[in-house]
Amino acid sequence: MTTSTVDTTQELAAFLRTRRERLDPDAFGLPSRRSRRTPGLRREEVAELAGVSIDYIVRLEQARGLRPSADVVEALARALRLAPDERAYLFDLARQRPRNADELATTAAPPLARLVADLSPLPAMLMNHRYDILAWNDEMARLLVDFDTLPPSQRNSMWLCLKHPEIREFYADRERVVREGIAHLRAAWAAHPDDQALTGLIAEFTADEEIARLWAERDVKVNGRGRKVMRHPEAGVLELHYEVLTPLQDSDQRLVIYRALAEESRSALDRLFTTGR
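These numbers come from a predicted model, not from an experiment.

**Q** Explain the overall build of the protein to me, using residue names and the numbers behind them.
**A** Across its full length, the protein carries 12 helices and five strands. Overall, the C-alpha framework of the protein stretches about 65 × 40 × 30 Å when taken along its three principal axes. Going through the 277 residues of the protein one by one, you find that 50% of them count as buried. Of the contacts made within the protein by residues no fewer than 6 positions apart, 58% connect residues no fewer than 24 positions apart. Put simply, the protein shows about 14,100 Å² of open surface, and 49% of that area lies on carbon and sulfur atoms. Here the protein carries 41 positive and 44 negative side-chain charges, and the mean point of each set is 5 Å from the other.

**Q** Can you explain helix 5 (residues 84–93)? Please cite residues and give values.
**A** Most of helix 5 is tucked away: seven of the 10 residues are buried. When we look at burial in helix 5, the residues that qualify are Glu 86, Ala 88, Tyr 89, Leu 90, Phe 91, Asp 92 and Leu 93. Contacts made by the buried residues of helix 5 are with helix 1 (8–22), helix 4 (70–79) and helix 9 (174–191). Directly after helix 5, the chain includes Arg 95, whose backbone phi takes a positive value near 55°.

**Q** Report on the packing of aromatic side chains, specifying residues and quantitative values.
**A** Under the counting rule described, the total for this entry stands at four aromatic pairs. Against the face of Phe 28 rests Arg 81, its NZ or CZ located 3.9 Å from the ring centre. A cation over a ring is seen here: Lys 228 above Tyr 242, with NZ or CZ 5.2 Å from the ring centre.

**Q** Before we move on, could you go through helix 3 (residues 54–61) and cite the residues and values that matter?
**A** Within helix 3, the full set of buried residues consists of Tyr 56, Ile 57, Val 58, Leu 60 and Glu 61. A positive backbone phi angle near 55° is found at Ala 63, which sits one or two residues after helix 3.

**Q** Hey, could you go over the nonpolar core for me, with residue numbers and the actual values?
**A** Grouped together as the largest cluster of nonpolar side chains are 73 residues, with contacts concentrated most on Leu 90, Leu 143, Leu 144, Phe 147 and Met 230. No other element matches the eight residues that helix 9 contributes to this core. Excluding its chain neighbours within four sequence positions, the residues that come into contact with Leu 143 are Pro 123, Phe 170, Met 230, His 232, Leu 238, Leu 240, Tyr 258, Leu 269 and Leu 272. In this structure, Ala 105, Val 116, Leu 126 and Leu 255 belong to the second largest nonpolar core, which totals 12 residues.

**Q** Help me get a handle on unusual backbone geometry, residues and values and all.
**A** Residue Pro 121 is bonded to the preceding Ser 120 through a cis peptide linkage, with omega at 10°. The backbone of Arg 81 shows a phi angle near 55°, a positive value even though the residue is not glycine. Located in the positive-phi region is Arg 95, a residue other than glycine, with phi close to 55°. Structurally, Arg 95 can be placed in the loop between helix 5 and helix 6 (110–118).

**Q** Please provide a residue-by-residue account of the side chain of His 232, values included.
**A** The topology assignment puts His 232 in strand 3 (residues 225–232). Looking at His 232, the relative accessible area reads 6%, which means it is buried. There is a polar contact of 3.3 Å between the side chain of His 232 and the backbone oxygen of Arg 142. Polar side-chain contacts of His 232 include one of 3.1 Å to the backbone oxygen of Leu 143.

**Q** Account for the environment of Ala 77, naming residues and giving values.
**A** Mapping Ala 77 onto the fold places it in helix 4. Residue Ala 77 is classed as buried on the basis of its relative accessible area, which comes to 5%. For the pair Ala 77 and Leu 115, spaced 38 residues apart in the sequence, the C-alpha separation amounts to 38 Å. Ignoring sequence-local partners within four residues, the contact set of Ala 77 consists of Leu 82, Arg 87 and Leu 90.

**Q** Tell me what's going on with the sheet that holds strand 4 (residues 236–245), and back it up with residues and numbers.
**A** In space, the five strands of this open sheet follow the order 2-1-5-4-3, with antiparallel pairing throughout. Looking at strand neighbours, the two that pair on one side only are strand 2 (133–136) and strand 3, the edges of this open sheet. Going from strand to strand, the sheet's axes swing by 30° on average, the running direction of each strand aside. Two elements, strand 1 (residues 124–127) and strand 2, share three bridges in a ladder whose sense is antiparallel.

**Q** Any details on the pattern of salt bridges? Residues and values, ideally.
**A** Counted under the stated rule, the structure contains 23 salt bridges. Across the pair Arg 43 and Glu 61 runs a salt bridge, and its minimum N-O distance is 2.8 Å. One end of the pair, Arg 43, is in helix 2 (residues 43–50); the other, Glu 61, is in helix 3, and 18 residues separate them in sequence. Arg 43 sits in the partly exposed class, given a relative accessible area of 25%. The partner of Glu 74 in a salt bridge is Arg 78, with the nearest N and O atoms 3.9 Å apart. Highlighted residues: Glu 74 and Arg 78, both in helix 4, separated by four residues, approximately one helical turn. Taking the relative accessible area as the measure of exposure, Arg 78 reaches 56% and is therefore exposed.

What counts, and at which threshold
Residues numbered from 1 in each chain as written. Predicted model: local features only at pLDDT ≥ 70, side-chain atom pairs only at ≥ 80, totals over all residues. Heavy atoms only, no water. Helix = DSSP H or I, 4+ residues; strand = E, 2+ residues; numbered from the N terminus. Buried < 20%, exposed > 50% of the residue type's maximum accessible area, 1.4 Å probe, protein only. Contact = heavy atoms within 4.5 Å. Areas by Shrake-Rupley, 256 points an atom, 1.4 Å probe, with all protein chains shown as cover. Lys, Arg positive; Asp, Glu negative; His and termini not counted. Charge placed at Lys NZ, Arg CZ, Asp CG, Glu CD. Phe/Tyr/Trp six-rings, centres within 6.5 Å; stacked < 30°, edge-to-face > 60°. Lys NZ or Arg CZ within 6 Å of the ring centre and 35° of its normal. Core = buried A, V, L, I, M, F, W, Y, C linked by side-chain atoms within 4.5 Å. Polar contact = N/O pair within 3.5 Å; in protein donor to acceptor, adjacent residues only side chain to side chain. Pairing = 2+ DSSP bridges. Axes fitted to C-alpha atoms, helices over the stretch in contact; angles between N-to-C directions. Salt bridge = Lys/Arg side-chain N within 4 Å of Asp/Glu carboxyl O.

Here it is as structure tokens:
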């Protein structure tokens, strides 16, 4: 991994190969794995399922400069049984998903920054597509870290999760959180292939052997909501639900809101925030 922008031709080839190799022939009524030298479906099988030539699949997987049409991308997504996030990723790599005309956000839109403050006492923050934290309220700072004490390069939710010496240990199910974070980064990387700052951030992360291994698996996922269990040094174990909202007016910015899932966590948050004040 280098700090160059995305080589979408190479990534498209690798992504198609990994997804083909993950498929179970039994699920398609094809000869079992025992009669195969390599895992997954054969190229000719994917070609038949997608309605394209074997040579076309070979050239795609060898990164020989093809740019498939939207119809072909859709056919490949069906043939490979891609999940919705993987399908969107494939469309991004093939440059067939419409781009948003909005400029990339590096500062918080003022109405959204005010909304983040108004959401107190719910912890809330505003991020851009590369997970830079653009605005936050006092409760989010108490839950995670005093963002004002961090250099701007570290005010990034992915950096905090993967690199911050204390916060990276917050999560009870750290492996799942890390896997999901890397899958989110991969989706952002394909959607913004010319963002040098994002690519540089990924290069920093993948210098770590564990993260590089997970990155190479090419998982793609975007969670708009979910659950996290934190072991907070002051509040104890917290079960939290998070929701991610995308404003229509500023679609490169994402509003993240946390709330407690159970009464014990709610009481613990109340004590934490009261102490903070």
